[in-house]
Amino acid sequence: ISDCDLLVSSFNPHNVESIMCRSMVHVAYDGTISDCDFHWALEEHQPVASKSTVFDLESTFSELAGEPIALQKHCWGCLAGAGSS
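No experiment lies behind these values; they were computed from the predicted model shown.

Trainee: Even after reading the chapter, I still don't get the side chain of Asp35, so can you show me in this structure?
Mentor: Relative to the elements of secondary structure, Asp35 occurs in the loop between strand 2 (33-34) and helix 2 (37-41). At 11 Å, Arg22 is the nearest oppositely charged side chain to Asp35, a buried residue that forms no salt bridge.

Trainee: For this particular structure, what's the right way to read the state of the cysteines?
Mentor: The bond known as a disulfide is covalent and runs between the sulfur atoms of two cysteines. Evaluated as defined, the whole model comprises 0 disulfides. Here Cys4 is not cross-linked by a disulfide; its sulfur's nearest cysteine counterpart is in Cys75, at 10 Å. The exposure class of Cys4 is partly exposed, given its relative accessible area of 27%.

Trainee: Would you take a moment to explain the environment of Phe55 for this structure?
Mentor: Structurally, Phe55 is set in the loop between helix 2 and helix 3 (76-79). Taking the C-alpha atoms as reference points, Phe55 and Thr32, 23 residues apart in sequence, are found 8.7 Å from one another. Contacts of Phe55, omitting those with residues within four sequence positions, involve Asp30 and Gly31.

About the criteria used
- Residues numbered from 1 in each chain as written.
- Predicted model: local features only at pLDDT ≥ 70, side-chain atom pairs only at ≥ 80, totals over all residues.
- Heavy atoms only, no water.
- Helix = DSSP H or I, 4+ residues; strand = E, 2+ residues; numbered from the N terminus.
- Buried < 20%, exposed > 50% of the residue type's maximum accessible area, 1.4 Å probe, protein only.
- Lys, Arg positive; Asp, Glu negative; His and termini not counted.
- Salt bridge = Lys/Arg side-chain N within 4 Å of Asp/Glu carboxyl O.
- Disulfide = S-S within 2.5 Å.
- Contact = heavy atoms within 4.5 Å.

Everything listed here is a matter of geometry and, on its own, says nothing about what the molecule does.
Structure representation (structure tokens):
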């Protein structure tokens, strides 16, 4: 069984509401915003709400509320078992 298969089979629906990307963003050293620190580290981040950096925000992070969250295979790590966020 692969690591990803193990994570998928350990999915815990109670983790969905509390995962990091639903309430926080990752801000890199240069101000780049992404919805997850794993996405940023893997260089798979995408601009959130067409706001690429904190310098693009007009006033607060609440401008990003309700924006879509990018999903990748590693996201199962936050959704499995007790979660990681």
